[in-house]
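Analysis of the macromolecular model
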There are 2 protein chains.
Amino acid sequence: MSTTAPLSPTARTTVRRGANRARDDRRDLYDVLSAAAICQLGVVVGGHPLVIPTAFGYDLDGPDDGGSLYVHGSVASRSIAESPGNDICVSMTVLDGLVLARSAFHHSMNYRSAVVIGRGRLVDEACEKTRALDLIVDHAVPGRAATLRSHTRKELAATSVIALPLTEASVKVRSGDPVDEDVDVENGGWSGVLPLRLVAQAPVTAADAGGEEIPPEVQARMRSSYAFPSVVDGSRGL
Amino acid sequence: MSTTAPLSPTARTTVRRGANRARDDRRDLYDVLSAAAICQLGVVVGGHPLVIPTAFGYDLDGPDDGGSLYVHGSVASRSIAESPGNDICVSMTVLDGLVLARSAFHHSMNYRSAVVIGRGRLVDEACEKTRALDLIVDHAVPGRAATLRSHTRKELAATSVIALPLTEASVKVRSGDPVDEDVDVENGGWSGVLPLRLVAQAPVTAADAGGEEIPPEVQARMRSSYAFPSVVDGSRGL
């Protein structure tokens, strides 16, 4: 699937509300995938929805149409066990600010969000499974997977990996000033945005790793603006 | 419902995986409610799950058993329209850090998360609806609702508010160091946590509000550790 393929080829991922915030370029999806630290996995269990936060990784060249989104969990996890062969929904949200208008009605948030819906696929091929687990580690800290020992057979057996095609997705983005009613602007009063950033702080070395150097990929992660802006990149705030 | 009432009175909100991270004190739920900036609303639409990020507010003394969680949206919103009378799931996650172990398997995140499941209720009583909308504004910026003009009849008619009882919930918390295999500790290498914080930056006044003073509740919000830690409270990082 090329980057010019439609982002929302079906009705269920077509944005209906706030269509002015909808994006239909796959590159906007890639931006959200890159910037979101975690995702929320939605499954239907016993007729009701269950939404669970979890780490993720993705491979735009993965075997699924449009690329592959990967989540993982214990083989005994309810949300993971319900995913293969069923429609699942993965939602990612990057919160960029509180939009503080002159009326409650026009209060909002600045955000970049993606919703991906599709049939979950259990990843059982060994190479893809290992690669997916490494991508999940590298999404948190780029380059870290290569510094770690190999997965053991026992670890791989205890972990399920689910792939979700990036075929059907919707992306919404809000940025900029509040949009107030003309009459409220005329009446005066402050209006604006309180920017929010998820920032990394100095690493805390584990008690059982005293004296070890903080590895370069962790230092880079702390300094990098990849995945989420860091305090070091000038987004320090006050 | 007292704070000593069980948090997970049913099987569907009983934590099965990572039970060592489960909390069963309602005060832990209140901590997550207080600290989370947004929630993810999960509904079942056309047989598949749909997970949408949205603002929320809550009233521990609300009319629902255990207190009331409120979300709102356009009356035309799909996720909001599907909520009344149906089981919905609201998930809130506060991400506190990346847990960087010596093996991929033990990589994790430090977080505080809550999952609330229950029957959505359309809030149509005028006082409760207005109060819920004010609580949603005040969850973003405490004290702001009282500074805004009243909701118009048209705004109220265009907005649906959904209440979810805080009766059935699960809370999971992970904090502290990675937990590595003994053999990996013996083999050495760094291990630790990269703390993450959602921080507020200096407010950006809207273009149409030039010259207006930043109101005290917005300044307080920027400085406050309520809802999420701010850079001003010493959690500045580097």
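Residues numbered from 1 in each chain as written. Chains lettered and ligands numbered in written order. Predicted model: local features only at pLDDT ≥ 70, side-chain atom pairs only at ≥ 80, totals over all residues.

**Considering helix H1 (residues 26-35) of chain A**
Residue and element names in this part refer to chain A. Here is the rule we go by: Burial in this document is a count-based property: other C-beta atoms within 10 Å of a residue's C-beta are tallied, and the residue is buried at 20 or more, exposed at 12 or fewer, or partly exposed in between, with C-beta positions derived from the backbone. Segments assigned H or I by DSSP are reported as helices when at least four residues long, segments assigned E as strands when at least two residues long, and all are numbered from the N terminus. What the arc describes is the spread of directions from the helix axis to the C-beta atoms. C-beta atoms are placed from the backbone for every residue, and two residues are taken to be in contact when these atoms lie within 7 Å.
Three or more residues of H1 are buried, namely Arg26, Leu29, Val32 and Leu33. Down the axis, H1 shows its buried residues gathered within 115° of arc, on one side only. Here the buried face of H1 lies against strand E4 (57-59), strand E6 (87-100), strand E7 (108-119) and strand E10 (169-174).

**Some remarks on the nonpolar core**
Heads up, the rule is: By definition, a nonpolar core groups buried Ala, Val, Leu, Ile, Met, Phe, Trp, Tyr and Cys residues that are joined through C-beta atoms within 7 Å.
By size, the foremost hydrophobic cluster in this structure holds 122 residues, and its most contacted members are Tyr70 and Val90 of chain A together with Tyr70 and Val90 of chain B. If sequence neighbours within four positions are ignored, valine 90 of chain B has contacts with Cys39, Leu41, Leu69, Val71, Val116 and Leu164 of chain B.

**A look at the interface of chain A and chain B**
Reports of interface size often rely on the accessible area that becomes lost once the parts have come together. What counts, and what does not: Here the nonpolar group is Ala, Val, Leu, Ile, Met, Phe, Trp, Tyr, Cys and Pro; Asp, Glu, Lys and Arg are the charged ones; every other residue, Gly included, is treated as polar. DSSP bridges decide pairing: two strands pair if at least two such bridges lie between them.
Listed as interface residues are 88 residues of chain A and, on the opposing side, 88 residues of chain B. When residues of the side of chain A that touches chain B are assigned to their parent elements, the largest contribution, nine residues, is made by strand E11 (residues 192-200) of chain A. Within the side of chain A that touches chain B, the residues separate by chemical class into 51 nonpolar, 21 polar and 16 charged. As paired elements, E11 of chain A and strand E12 (residues 204-205) of chain B share two bridges and run antiparallel to each other. Note that in E12 of chain B the partner of valine 193 of chain A across the bridge is valine 204 of chain B.

**Section: the relation of the copies chain A and chain B**
Here is the rule we go by: Superposing the copies works by least squares over the C-alpha atoms of residues that have pLDDT at least 70 in both of them.
By a simple turn and slide, chain A fits onto chain B: the slide is 0.0 Å along the axis, the RMSD is 0.0 Å, and the turn is 180°. Within this description, the copies of the chain are treated as partners about a two-fold rotation axis. Across chain A, the rotation axis passes nearest the C-alpha of leucine 198 of chain A, at a separation of 2.1 Å. By residue overlap, the copies meet face to face through one surface: 100% of the interface positions of chain A are interface positions in chain B.

**Observations regarding the sheet that holds strand E5 (residues 68-74) of chain B**
Residues and elements named next belong to chain B. Strand order in the open sheet formed by four strands is E4-E5-E9-E8, and the pairing between neighbours is antiparallel. Across the chains shown, the open sheet's two edge strands, defined by having one partner strand only, are strand E4 (57-59) and strand E8 (121-122). Sheet topology places E8 next to strand E9 (residues 159-165); two bridges connect them, and they run antiparallel. When the sheet's bridge partners are listed, leucine 122 is paired in E9 with isoleucine 162.

**Things to note about the environment of tyrosine 111 of chain B**
Along the polypeptide, tyrosine 111 of chain B turns up in strand E7 (residues 108-119). C-beta crowding within 10 Å serves as the criterion here: with 20 such atoms nearby, tyrosine 111 of chain B is assigned to the buried category. For the pair tyrosine 111 of chain B and serine 175 of chain B, spaced 64 residues apart in sequence, the C-alpha to C-alpha distance is 6.8 Å. Dropping the residues within four chain positions of it, tyrosine 111 of chain B is found in contact with Pro53 of chain A together with Thr93, Val94, Leu95, Asp96 and Arg174 of chain B.

**What to know about the domain arrangement of chain A**
Our working definition: For every domain, the bounds stem from an assignment made automatically or drawn from a database.
What the domain assignment reports for chain A is domain 1 (11-178) and domain 2 (197-238). Between the C-alpha centres of domain 1 of chain A and domain 2 of chain A the distance comes to 23 Å.

**Considering the pairing of strand E11 (residues 192-200) of chain B**
Residues and elements named next belong to chain B. Here E11 lies mainly inside the structure; nine of its nine residues are buried. Of the two faces of E11, both are covered, the one formed by Gly192, Leu194, Leu196, Leu198 and Ala200 as well as the one formed by Val193, Pro195, Arg197 and Val199. Relative to E11, strand E6 (residues 87-100) runs antiparallel, the two sharing four bridges. Paired with glycine 97 across the strands is proline 195, a residue of E11.

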